[in-house]
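Coordinate analysis (summary)
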Amino acid sequence: MDRLHFFSPVRITRGQGHPLEEVDSVAEAMVFLRKWPTGRRGPVYQCALNCCSAALSGQMSPEEARKAFTGFARITRLLDDESAMPMGSESMGHVYALRR
């Protein structure tokens, strides 16, 4: 299972008063997705679930599954903004230019 860890965790926030969650592997992403309410499961959810399943079966890399899970978290407004920022010495101006 060690090979299925993400390079960096996806940080999930459910709003003030709730602890920040870190999803750092394909298996943890699958657990999170399986708990997602049935009535809120749309195409982005299905894509993330399919990508995580593919990563678990070795058909996709964990980082590709992370990208799909991150997209799901962003669309559902659960993604912590700080975790979406590129790591390294990039300036904030460059980051904001990417978001436009």
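Refer to the preceding data block for the structure.
Residues numbered from 1 in each chain as written. Predicted model: local features only at pLDDT ≥ 70, side-chain atom pairs only at ≥ 80, totals over all residues. Heavy atoms only, no water.

This brings us to the environment of leucine 78. On the secondary structure map, leucine 78 appears in the loop between helix H3 (62–75) and helix H4 (81–84). Assessed through its relative accessible area of 9%, leucine 78 is described here as buried. The sequence separation of leucine 78 and arginine 14 amounts to 64 residues, and the corresponding C-alpha distance is 5.9 Å. Sequence-distant contacts of leucine 78, that is, excluding residues within four places in its chain, are made with Arg11, Ile12, Thr13, Arg14, Phe32, Trp36 and Ala73. (Helix = DSSP H or I, 4+ residues; strand = E, 2+ residues; numbered from the N terminus. Buried < 20%, exposed > 50% of the residue type's maximum accessible area, 1.4 Å probe, protein only. Contact = heavy atoms within 4.5 Å.)

Attention now goes to the side chain of threonine 76. Residue placement: threonine 76 occurs in the loop between H3 and H4. Of note is the side chain of threonine 76, whose polar atom sits 3.3 Å from the backbone oxygen of alanine 73. (Polar contact = N/O pair within 3.5 Å; in protein donor to acceptor, adjacent residues only side chain to side chain.)

What follows covers helix H1 (residues 26–34). For H1, the set of buried residues is Val26, Ala29, Met30, Phe32 and Leu33. Down the axis of H1, the smallest arc covering the buried residues is 160°, so these residues share one side. Packed against the buried residues of H1 are strand E1 (5–12), strand E2 (21–25), helix H2 (43–56) and H3. (Arc of directions from axis to C-beta.)

Counted according to the given criterion, the structure contains 2 salt bridges. Residue aspartate 80 is joined to arginine 11 by a salt bridge in which the shortest nitrogen-to-oxygen separation is 3.3 Å. Of this pair, aspartate 80 sits in the loop between H3 and H4 while arginine 11 sits in strand E1, placing them 69 residues apart in sequence. Residue aspartate 80 is classed as buried on the basis of its relative accessible area, which comes to 16%. Ionic pairing is found between glutamate 21 and arginine 14, a salt bridge with its closest N-O pair at 2.8 Å. (Salt bridge = Lys/Arg side-chain N within 4 Å of Asp/Glu carboxyl O.)

Moving on to the environment of glutamate 64. With respect to the element layout, glutamate 64 can be found in helix H3. Residue classification places glutamate 64 among the partly exposed positions, given a relative accessible area of 43%.

At a minimum axis distance of 10 Å, the contact between H1 and H3 shows a crossing angle of 30°. In this view, H1 runs roughly parallel relative to H3, as classed from their interaxial angle. Between H1 and H3 the crossing geometry is left-handed. Of H3, the residues touching H1 (which contributes Val26, Ala29, Phe32 and Leu33) are Pro62, Ala65, Phe69 and Phe72. When the residues that make up the contact of H1 with H3 are grouped by side-chain class, the tally is 8 nonpolar, no polar and no charged. (Axes fitted to C-alpha atoms, helices over the stretch in contact; angles between N-to-C directions. Parallel < 35°, antiparallel > 145°, perpendicular 65-115°, else oblique. Left-handed = near helix turned anticlockwise from the far one by under 90°. Nonpolar A, V, L, I, M, F, W, Y, C, P; charged D, E, K, R; others polar.)

Ranked by internal contacts, the top residues of the largest apolar core, which has 22 residues, are Val10, Ile12, Leu33, Phe69 and Phe72. Put simply, the parts of the chain that give this core at least two residues each are E1, H1, H2 and H3. Beyond its immediate stretch of four places on either side in the chain, leucine 33 contacts Arg41, Tyr45, Ala48, Leu49, Cys52, Phe69 and Phe72. (Core = buried A, V, L, I, M, F, W, Y, C linked by side-chain atoms within 4.5 Å.)

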